[in-house]
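Structural features, examined
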Amino acid sequence: MAGIDAVFLARLQFAFTVGFHIVLPAFSIGLASYLLVLEALWLRTGRQVYLDVFQYWLKIFAIGFAMGVVSGLVMSYEFGTNWGVFADKAGPVLGPLMGYEVLTAFFLEAGFLGVMLFGMGRVGRGLHFLATCLVAIGTLISAFWILAVNSWMQTPQGYVMSPDGRFLPDDWGKVIFNPSFFYRLPHMVIASYLSVAFVVGAVGAYHLLRDRQNQAARLMFSMALWMAVIVAPIQMFVGDAHGLNTLQHQPAKIAAMEGDFDAEPGTPLILWGWPNLETARTDYAFTIPHLGALILTHDWNGTVPGLKQFPREDWPYSPVVFWAFRIMVGMGVLMTLMGLWGLVLRIRGRLYSTPLMHRAMVLMSPTGFIAVLAGWTTTEVGRQPFTVYGQLRTAASASPIGVPAVATSLAAFAIVYFIVFGAGLVFVLRLMRHPPSVGETGPPPSIPVRSAGITPGPALADTPGAAR
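Structure report, in brief. What you see as residue numbers is a count from 1 along each chain, following the sequence as written. The predicted origin of the model limits local features to residues at a pLDDT of at least 70 and limits the giving and counting of side-chain atom pairs to 80 or more, whereas totals for whole chains, interfaces and linings rest on all residues. With hydrogens and water excluded, all non-hydrogen atoms of the structure serve as input to the side-chain values.

What follows deals with the side chain of His 207. Counting from the N terminus, the helices are DSSP H or I runs at least four residues long and the strands are E runs at least two residues long. Tracing the backbone shows His 207 in helix 6 (residues 181–208). With a 1.4 Å probe rolled over the protein chains alone, any residue whose accessible area is under 20% of its type maximum counts as buried; one over 50% counts as exposed, and the rest are partly exposed. On the accessibility criterion, His 207 (3% relative accessible area) is buried. Pairs of residues are marked as contacts when any of their non-hydrogen atoms sit within 4.5 Å. When residues no more than four places from it in sequence are discounted, the contact partners of His 207 are Tyr 56, Ala 217, Met 432, Arg 433, His 434, Pro 435 and Pro 436.

The structure is reproduced here in C-alpha cells:
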C-alpha cells in the first residue's frame, strides 16, 4: 500500500466505473438495433414470432437501458473531484462534445423510449416503429459523440494551446473527425452488435436445450449465428485497419501490445510471453518469425517499432496491454469459429438438433463483453502515461486530492455498484430464464411508469377495484 498514491486510486476508480459504462451502453446499442430489426420484420411479414421475440427482449432492454444511464452519472462527479486539472485544460474541447451527446442522443432516446416501451397498442404501428427507430438511432448518435471524445484524446487535433495551457478548439471538424475516429467508431459499434448477438444466441440456445420446437428460441439462435458468421469476420478487417491507424499515430501503444522492445526487420509475432519492463525484453516468448511485420506493416520484412525507441517515461504498462489485446483477439477468433460452426450445421440441417452446439453457445454468452472490456483496456492503458496523447500527462491531470478521499469514494462506489447492478443482473437473468412464448407481452402497460408521488387518476381508474 505504501506505493499507492491518489492518482493510482483515481485511475482505478475511473477504470472500475467506466467498465460498467462500457458494457451496459454497448448492450443498449446492440439490443436497440436488434429490436428495430425484429419490429421491421414483423411489420413486413406479419409473423407472430417476430413480435414475440421483440416483446421478450423489450423488457430486458428497459432494464439494461436504465442501468446504463445510472452507470454514467458518477463519471461527471469523478471529472470534477479526481480529474479537475484535466477537466479545466481539456474542457473547452471535450465539454461541448459531451453536451452535444446529451442534446442530440439522450434527449432523443428519452423522448421516445416511453412510446417504444408502452406504446404498443396505444399508438399506430407506424408511430411505434418510428419510436423504435429513433431510440436505436439515438444510441448510435450517443456512440458517435462518446467515441469522438475518446478518439480526440487518443489522436488530438484541431486545437490551439492557450497561454495558461488549456486546449482551445480551433477547427471543430478536425476535433470531431480526428485521425482515429473513423476506425474506432465502427469497431465499437460492431463490437456492441456482436456482444448482443451472442447474448441473444445464448438465451435461444438455453431454451432450445429444453424445447427444440420453441419457434422464438429458434429465431433468436438463428439470427445470432447469422450475425456471427457475417459480422465477426468484418470486425477482423476493421480491427486490422484500426491497428494500422494506431501504428501510424500511436506507435508506442503498438509496441506495448506486441511486446516488442527492439525494432528489427521482419518483426516476429509474439503469441504469448511476459513483457518485462525492468529488463526490456519479453520473457517466455513464443514467436512466429516475420508474422508480426506481415500483420502490422503488410510487408514480410517490415519493421514494427520497439519500446526502446521511445523514452522510458513514455512507455505504457506493456504486460496489461499485451495480454488484454490477446484476450480481445482470442474472443474474436472464438466468435468467428462459432459462426462458421453454426453455418456448417445450418447447411447440414442440424442447427436446432445439436445439443453440443447449444451448450457451447450458452458458454459463449459473455465473450463479446469480455472482448469489449479487453479492447477498451488495450486502448486506455496503451495511451498511458497520457490523458491527451502526447500532450497532457495523467499525473498532471489529477486534482490535488488525498489518498483517503479517493479510497473512500472508491470503496463506496464498489459497494453501491455491486449491490445495484448485481440486483439488476439477477433480475435480467431471471427474465432470460423465462422461455419465450406465443403472445409474449412487453412491459406492463396498465399503470404508467412515473416518478414517486400521488398516483395519477387515470391509472387508478384502470386499476381493478378502483371503483370501490
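The axes used here are C-alpha line fits, helices contributing only the stretch in contact, and every angle between their N-to-C directions lies in the interval 0 to 180 degrees. Packing of helix 6 against helix 11 (residues 355–363) brings their axes to within 8 Å, and their N-to-C directions diverge by 135°. In terms of orientation, helix 6 lies oblique with respect to helix 11. Considering the relative orientation of helix 6 and helix 11, their crossing is left-handed. Of the residues in helix 11, those touching helix 6 at Ala 197, Phe 198, Gly 201, Ala 202, Ala 205, Tyr 206 and Leu 208 are His 358, Met 361 and Val 362. Roughly parallel refers to an angle under 35 degrees, roughly antiparallel to one over 145, roughly perpendicular to one between 65 and 115, and oblique to any angle outside these ranges. Handedness of a helix crossing follows the sense of rotation of the near helix relative to the far helix, less than a right angle counterclockwise being left-handed and clockwise being right-handed.

Backbone geometry follows two general trends: most residues other than glycine have a negative phi, and most peptide bonds adopt the trans configuration. Along the chain, Gln 384 connects to Pro 385 via a cis peptide bond; the corresponding omega equals 10°. The residue Pro 385 is located in the loop between helix 12 (367–383) and strand 5 (386–388) in this model. Its identity is not glycine, yet Tyr 284 carries a phi of approximately 55°, on the positive side. Mapped onto the elements, Tyr 284 comes out in strand 4 (residues 281–288). Here His 290, not a glycine, exhibits a phi torsion of approximately 70°, which is positive. On the secondary structure map, His 290 appears in the loop between strand 4 and helix 9 (291–297). Note on His 290: relative accessible area 22%, which makes it partly exposed.

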